[in-house]
Amino acid sequence: MSVPTVASLCTALGSHLVPAAGFRAPGTEVTAVHISELLDPGAYLTGGELLLTTGLALPDDEAGVGAYVDRVRAAEVSALVLGLGPVHQTPPEVLLEACRDRGVALLLVPPATPFLTVTRAYWTAQSRSTEERLNDVVSAHRDRKSTRLNSSHTDISRMPSSA
């Protein structure tokens, strides 16, 4: 059973979702993809999300960015994803440092890639994972049923005949 992870999504998306310089894509499970420009998105997160942002409301100062990354980390996101282009052409150094210092994986989406591409990749991977789990359950059920039928057949064939 392969659940979507940050690493598997980066692999599936190639250049459309990449770790920022000095970061790696962790094998952390992704529970959902969420887009937010809020400085405190925690109330809308449950943990494990891939959090996408353009950085529209990202503060310019070290303390403000540090506080933002602290809140993202407290929300237990699987990774923070910065969409390049509309606001930032490159990831701000202060964001790179804050994520690095706090152990938050930082990924980048290039300007030409819509966030919808990442969302669709996640839901495709999630549906495959669900289908694999369903197939495993059906297969286990068939195996169990087959074992019971074979066991019953063996028991009947051992019964003495009444002739």
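Below or above, wherever it landed, is the structure these notes cover.

1. As for the packing of helix α2 (residues 62-74) against helix α3 (residues 93-102)
Packed helix pairs are characterised by how far apart their axes lie and by the angle those axes make with each other. Orientation of α2 relative to α3, taken along the N-to-C sense of each, is 45 degrees, at an axis distance of 9 Å. Classified by the interaxial angle, the pair formed by α2 and α3 is oblique. α3 is crossed by α2, and the crossing has right-handed handedness. The segment α2 lies against α3, with Glu62, Val65, Gly66, Val69, Asp70 and Arg73 engaging Val94, Leu95, Ala98, Cys99 and Arg102. Tallied by class, the residues present in the contact of α2 with α3 amount to 6 nonpolar, 1 polar and 4 charged.

2. Observations regarding helix α1 (residues 6-13)
Of all the residues in α1, the buried ones are Val6, Leu9, Cys10 and Leu13. Projection of α1 onto a plane perpendicular to its axis shows the buried side chains occupying an angular sector of 100 degrees, all on one side. Away from the buried face of α1 by more than 90 degrees, exposed residues Thr11 and Ala12 are located.

3. Thoughts on the packing of aromatic side chains
The geometry of an aromatic ring pair is captured by two quantities: the separation of the ring centres and the angle between the planes. The final tally for this structure, using the stated rule, is 1 aromatic pair. Plain terms: the ring middles of Tyr122 and Trp123 are 4.9 Å apart, the flat faces sit at 75 degrees to each other, and that makes the pair edge-to-face. Judged by relative accessible area, Trp123 falls into the partly exposed class, the value being 48%.

Calculation notes
Residues numbered from 1 in each chain as written. Predicted model: local features only at pLDDT ≥ 70, side-chain atom pairs only at ≥ 80, totals over all residues. Heavy atoms only, no water. Axes fitted to C-alpha atoms, helices over the stretch in contact; angles between N-to-C directions. Helix = DSSP H or I, 4+ residues; strand = E, 2+ residues; numbered from the N terminus. Parallel < 35°, antiparallel > 145°, perpendicular 65-115°, else oblique. Left-handed = near helix turned anticlockwise from the far one by under 90°. Contact = heavy atoms within 4.5 Å. Nonpolar A, V, L, I, M, F, W, Y, C, P; charged D, E, K, R; others polar. Buried < 20%, exposed > 50% of the residue type's maximum accessible area, 1.4 Å probe, protein only. Arc of directions from axis to C-beta. Phe/Tyr/Trp six-rings, centres within 6.5 Å; stacked < 30°, edge-to-face > 60°.

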